[in-house]
Structures are given as C-alpha cells and as structure tokens.
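# What the coordinates show
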Amino acid sequence: MLHDLIFRIRAIFLRSRLDADMDEELRFHLEHQTQQSRAAGISPEEAALRARLAFGGMTQVQEQCRDARGISLLDSLWRDLRYGARMLRKNPGFAAVAVLTLGLAIGADTATFSLVNAVLLRPLPYPEPQRIVMVWGTGPNAVRNEAFSETTFLDYQQQNHCFASMAALHAGGSTLTGTPEPERIASAAVSPEFFDVLGIHALLGRTFAPEDGQPGKNNVVILTHGAWQRRYGSDPLIVGRQIYMNLQPYTVIGVLPASFDFTVPGHVTAKELYLPAVLKRDEQQRGNGYLKVFARLKPGVSMAQAQADLDVVGRRLAERYPQVLHGQTVKLVTLQEQNTGDVRKLLWILLAAVSLVLLIACANVANLQLARASARQKEIAIRSAMGAGRRRVMGQMLTESLLLALLGGAFGTALAWGGLRLLASLAPSALHAAHAQTVDGAVLIYSMAVSLAAGILFGLAPALESSAAGLSDALKQGGRGSAESRGGGRLRSLLMVSEVALSLVLLTGAGLLIRSFAELLNVKPGFDARHVLTLPVTLPRYSYGKDPQRIELYRRALNSMAALPGVHSAGAIDDLPLTSDRDSSGLSVEGRPALTASALPVVEQRSVTPGYFQSMAIPLVAGRDLSDADTADSAPVVLLNQEAARRIFPNQNPLGQRVTFGVPSPQSTWMTVAGIVGDVRDLTLDARPGMEVYQPYQQYTLPYMTLVMRTAGDPDGMAAAARRELHELDRNLPLAQALSMETVLAVSIGQRRFNMLLLTLFAAMALVLAGVGIYGVVSYSVAQRTSEIGLRMALGAARADVLKLVVGRSLALTAGGLAAGLAAASLLTGFLSSMLYGVRPLDPVTFGGVALVLAAVAALASYIPARRAMKVDPMTALRDS
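Computed from a predicted model, the values in this text were never measured in an experiment.

### Digging into the overall build of the protein chain
- A tally of helices and strands in the protein chain yields 27 helices and 21 strands.
- Looking at the protein chain residue by residue over its 881 residues, the buried ones come to 50%.
- Nonlocal contacts in the protein chain, meaning residues at least 24 apart in sequence, comprise 82% of its contacts between residues at least 6 apart.
- As displayed, the protein chain has an accessible area near 39,900 Å², and 59% of this comes from carbon and sulfur atoms.

What follows is the structure in structure tokens.
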C-alpha cells in the first residue's frame, strides 16, 4: 500500500516536470518500473498498463487544476512551441538542415510569386483598370495586329457608342534643345483624351484639354515625374516655364505623378514627356496606320458589347471605303491582358515549377522527421503512458513541424528579398513590371501561408506514424539495431519515389527549354552579327527638314564611317532587324488584275543605303545591289528578299517586273525589281522570314536611320570613334547609344533565355534535393538494418552482395519514381509547346537523357551509404543488436 502511494506521488511529480522538459529522469523512472515488474514476474503489457493507470490519475488531477485556473488552448500551444524550440536546440544539426532545405525552396517560391504578383496579379495603377482596353485593327492578310490611321481613328472615335473616351498615341522622340548639347529624349504624341482614358490627373498643373490638339495651340508639354526630377531638379515652379524642343518653345503645363509609368511591352516604352497630337482627316492617308489606340469602356458596358458595337462601325466603314478597309475588322484587348499576354503562361508555369521544388523539399524534411520520430519512440511512449492521447501527440509533433516551417519561411523570405534583384536583372523587356517587384504585404502573406502549408505537409505523415505506434511495441524496441516499422519504411520509400518523379518532371521541362534554346542559337538569322557595330541616328526636323539635306548628311556620315581605321564597310537601314515594328504595305504587280487593299500581299517596306547588305553579310542572290546612282532623279528600283520573290512571283523571274505600293492609281510610282537578296529573320529568330521590299534611301528618304559598320576587331571599341565622326559633321546632332549587333541579337532572345535559366535553376535545385533525399533514405535504411547486414555477412555474404542489396533496393525505388515521372511529364510538357522551338514536347532524347541523369544521381547517392554498409564488422553488429 505504501509502495503504491509512493509510486503515485512520484508519478505526479514527474508529470509536473514533463511540461518543463521531457527528458532523462522520466525515461529512467519508467524503465526502472518496467525492470521491477519483470523481476516480480509481471509481463511488459501489465507493467505498461500499471504505468498508464498511475499517470492517468495524475492527468485527471492536472486537468481539473487547469480548468480551475482557466488555462486556454493558446496556453497549451505556447507550451508546445517552447517545448518544440527546446527539442530543436537539442538537435541543432537536424534543425539547420531542415531550415536550410525549406528556406531555399520557400525563398525561390516567394521570389517567383513576387514576380507573378508584380506582373499578373497587381492591378494596373489606374482607376478601374479593367475598363481600359486597346483597340487593334485586323485583316485577312495581316501578319500581326495593325495600328490605325488618323482618319480611321477619328471615325471610330466619333461613331462608337461603347467608350467613355478614346485616345491615340504615337511613340517617337524629340530633341531637347536650349542646352549645352542637344539630347534625344523619349516622347509620345497623344490625343488630348489620353489621360482621361487612363484616369490620370497631374501632380502639378493640368493634363491636356481638347483645345491643345488644335493646330497652333499644341506647343505645350507634360513632363513625367522622373523627367521633372532628373532634368529640372523637382522645380515646384516648372508649370508655365518654357523649354525648347526641336528649337521650338513649348510651355510646361503639367507634371505627372510618380506612380505613372506607362508602358505596353513590345509597343510602347516609358517616356519622359508627352505632347498633344494634332490629328486631321486625310483620305489619301487612310491606309497609313501608325497610331496605337486606347479606350475606356462606359460603365456597365462589357467587352462583348463593345466588340459588337465596333463591329457595326467597322462594317459601315468597310462598305464606304472598300478599296482600303474591305475585310478589315477591329479587336479589343484589355490593357492588363495586352501587358501580360506573352508572359502570363510563362509565369504560371514558373510558379508551378518552383512549387514542385517546394514539394521535393517537404519530402526531404518529412524523411528527416520520420527518422527523428523513430529515435523518439520511447519519448512518445512515455507521453502516451502518462495519458496523452493520439491527438495530443500529433499536436505536439505538428507544432514542432510548424515551428521548423516558420523558421524556414523567415529564412526563405530573406533570401527572396535578395533574389528579387537577380530576377529583375534577368527579366526581359516584356516583363517590365518585374523591376517594380518587392516583398510587400501580399508577398509576406503568401510566404507565411506557404510556410504553414509546408509545415503541415511535411509534418502530418511523421505525426501520424509516430502517434500510431503502440506503447508496448515502443517499450520492447531498443538499441541501435532495432528494425524500422513497416509503415515508416513504406512511407519513406513512397517519399523517395515522389521526389524522383517530381524531379524528373522539372528536369524534363528544363531539358526541353535548353534544347529549344540551343536550336534557336543555331538558327541562321540571314546576316552575320559578328564584328558589326550599330548606331541609330535621328535627324532633327528643324535642321534637316528636306530630303536633300538628310541624304547629304547620311552620305557624309557613311563615308566618314567607312574611312575609319578598322572599318571594312558601312551602310544604313531604317529599322534594324530584331529591334522594332516595321512599316508594312500592300504590294501590287503591274499587269495583274486589280485587287482591293485588303487582298494585296502585305510586305515590309524598308529603306537602305548602298553598303548595307555588304556590312550585314546579306547575300545578293540575283540581279544587282543598290548603288549611289539610284537617286531621286533616276528610275525607281527595289530589291526583294527570296521569300517575297517566291510568293509574289511563283514560277516567274521577278527581275524586271514592276511593282507599286497599295492599290494602283494614276499617281502610283512603279518600281522595277532590280535584284533579289537573302532572307533575314527580321522580327524574331523563331519566326519565319517575311516578305520584304528594300528601296534605295535616296528614293525613300526618312529622318531616322541606323548606321551599321563591319569592323576588323571588337565593334564596341569603335563606338567612341563613330560618335566622334558624327559630331564632327554636326556638333548639335543628338546621338543614341551604339550597340554591337551581337548585343542586339542577345536582347532579342532575352525572353527565351529567361525562361530557360529560371526553369533550369529550379530543376537543378530539385536534382540536388532529390539526391540528398535518396542519400538520406538509404543511409537511414542501412543504419536500421545494421544487424541484418552483419548477420548476412556472418553467414557468408560477400561485400558485393551487400552492395547489390543496398543499391539494388534504391534503384528499384528510383525506377518506380522514373516511371511515374515519365508519365506525368508526358502529360505536362504540352504546356511548354508555345515556348519551344525546333523541339517536340515529347522529345525522346530529352526524356531519355533526363531519366539517365536521375538514375546516375540515385546510384551515386545510394553507393555512398552502401560502401559504409560493406565495411560493417559482423561481430560488432551482432553484439550491438
């Protein structure tokens, strides 16, 4: 009786110690009671039952006391967190590995979400941005969305019933004068309604009024916030001040807010100032489309209703002007979709990919947790013996997992903060909004949510496995050689298979993009970009308002460039390949039946100087090259590229044929085809060459050209000399940055490089995590089977047999993961089809190569612990079992 009383008192004392620290004294007590019971002839099951009864009475007393004191669930959670923190401090190696693994995955996930949030989820910085749309022209022969002419824009602006306001923009540049050195700055001419469409009000002054778009009243300008700060020192009295552009005075009427940064990737870049556009009707120019059109829907008007309304206007105009507008329609696109259309799918794919990396990291930590839980079986048994139910044990285990996840999330968020700069530096121009990404409130909430979800994900399985272990089984198992439970072994194997499968999906996607990028780099663009320097030059209209002045300046400039030491040849073109939109026109052939404007074949209209094709190494296929003799007074000539010659003159010799732009009229200029040149990948490397018509610069004179020079050495080294020569010709000539053609080529494939680099980075992380996970599973399995391996070796098993046993089981599980991963990858790689070039989504070379790489990593990861197993001393293993 006295012995039982002492036993109960001691149990209550030990139970009070448990809330502070569950450690050696309590374990010693339970083991001591078990030994005494065995000495008295009591079975282990009965000893466990006695311990449970003793601690159960104490638990009831404690629960009553807690109820009396009003202890809440929050207090219990706080105690679990403190206990979990103490347990992690006791296992710093485990905690460090888990936090590092989770931090890397959560950091990558958070950084990617920040990019998605900045580009896709964050609303545009305008009032009711969902009502802002872009209006595009389309036609049966259009190769891309078409801009509007001034006359057609005015028709749609006046006849529509769906827009609250409608505006047009023409991007360009202006020359800032009245300064020590004239400077070319980015500007845009917009119709007065432009800022009403966007819902933007001036920070200082005002925006444009309708009268600002009238001739003679348009000498006003609005500055962006950045231009106001950089160029005018944030002068609060800037409104009303005169500045000079193109030698003409303009009055500053307003400064835009700092949040205004209007860009449309691929169409409109950021500007420093805005001018009012003077739009007028001219039926002769109805087919000359160059205006980007924006509109704000009326309240309550849907996209479908607006599209139907514009279709009615379009049919009406097509009936009235069939020669120009027959077959042409309009298409509405929300501004948000226009900004993200090319990258929306990419960003969701990247977020899904990095989420797979996080799943692999969770599987790794879950395996660590399972191994740790196996070592804590006696502790769990003691808690169970003291009356803790399965839910209570699971709660404690999950609390520790959540604590680990939050630590990993904090570390990952810090990594993401630094990784944003890397993402912004890699992001191409299509991801302009990526430069505005930051770890804001939405990103922090996402990071915390992902951390908590990861904690539950990797902590649930170990918690279920640990809490399901029987008390008597836990007490009977002991020593280092105890075998792992069947459930724990199966779960670890399943996690390993899952890691391999997920890694294969990511590696396959990365492999496809790498192969696609390699194929793109092997594309012959039609020119030789090596040793070519490019220098855009725009002649100010105030100094070069007439064609003869422009022709003379460019002639002298090219002669000066060609005379520079180390320059082999020099030429010029209006729009450099792979850089910008093109001027397109319909082409008519003399002697053929007349066609409407919409039925004419659409060609790219180019202006080039003699020496251009030689400088770019574009071959002359037939006929002759352009020469200085092709002047405005000589017979008009053109050169066609091979694609135009093949499609416009099938089974005919194009040389000597005469063509004209647009529908023939008495005023048309007929041009003779003098030669055929090679095709050039003009817009993008992955797009087929289009039809191009090259005109002599003296017969098609423009105020802007890009000089190209083929050099003997590094083209960048010639940039300073080229700029110096141009300033010798005209000290007041504004110059842009000189770039090598290789740099232009690299920028043109920036989007695909970004796709490949990020997915490859995530795949590499997945491969490393999978290798570490396989190593951990095999190492734990070897440790658990030390006695078995020792027994096998004692019975005559050779080292090779042990190697085959360990590596063979690992490779069998890897094979299961590879099979599951190949099946999943074959279903998912179809989403990458629009991002691939020259490679099929089910490319067997990529699938096979990735499977071999993963199998090799798995073999290496399992070979290292297998070598340790081969060195097991049979006698030592059997003695310690």
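### Focus on the packing of aromatic side chains
- Inspection of the entire model under this criterion finds 15 aromatic pairs.
- Between F194 and F294 the ring centres are 6.1 Å apart and the planes differ by 80°, which places this aromatic pair in the edge-to-face class. Of the two residues, F194 sits in helix 7 (residues 194–198) while F294 sits in strand 9 (residues 292–297), which places them 100 residues apart along the sequence. Taken as a pair, F194 and F294 share a single burial class, namely buried.
- Between Y554 and Y697, the ring centres sit 5.4 Å apart and the planes meet at 85°, which makes this aromatic pair edge-to-face. Within this pair, whereas Y554 is found in helix 18 (residues 547–563), its partner Y697 is found in the loop between strand 19 (692–696) and strand 20 (704–711), the two being separated by 143 residues in sequence. Comparing Y554 with Y697 shows no difference in burial state: the two are buried.
- Connected via pairs of aromatic rings, a cluster forms that spans F194, F195, F208, F260, F262, Y274 and F294.

### What about helix 25 (residues 799–828)?
- Here helix 25 spans 42 Å end to end across 30 residues, near enough to the 44 Å set by a 1.5 Å rise per residue.
- Residues of helix 25 that are buried include every one of V802, V806, V807, S810, L813, T814, G817, L818, G821 and A825, and no others.

### Quick word on the confidence of the model for the protein chain
- Averaged over the protein chain, the pLDDT score is 80; the fraction of residues at 70 or greater is 80%.
- Below pLDDT 50 for its whole length, residues 52–71 participates in 23 contacts with residues either more than four positions away or in separate chains.
- pLDDT under 50 marks residues 477–483. Its contacts with residues more than four places away, or in other chains, come to 9 contacts.

### Topic: the pattern of salt bridges
- A full pass over the atoms with the stated rule returns 19 salt bridges.
- When the shortest N-O distance is used, the salt bridge between E128 and R131 registers 2.7 Å.
- For R131, a relative accessible area of 12% gives the class buried.
- In this structure, R530 and D528 form a salt bridge, with 3.0 Å as the shortest nitrogen-oxygen distance.
- Under the relative-accessibility criterion, D528 is labelled partly exposed at 22%.
- A single network of salt bridges, built from pairs that share partners, joins D574, R606, D682 and E692.

What counts and how
Residues numbered from 1 in each chain as written. Predicted model: local features only at pLDDT ≥ 70, side-chain atom pairs only at ≥ 80, totals over all residues. Heavy atoms only, no water. Helix = DSSP H or I, 4+ residues; strand = E, 2+ residues; numbered from the N terminus. Buried < 20%, exposed > 50% of the residue type's maximum accessible area, 1.4 Å probe, protein only. Contact = heavy atoms within 4.5 Å. Areas by Shrake-Rupley, 256 points an atom, 1.4 Å probe, with all protein chains shown as cover. Phe/Tyr/Trp six-rings, centres within 6.5 Å; stacked < 30°, edge-to-face > 60°. Expected span 1.5 Å × (residues − 1). pLDDT = per-residue confidence, 0-100. Salt bridge = Lys/Arg side-chain N within 4 Å of Asp/Glu carboxyl O.

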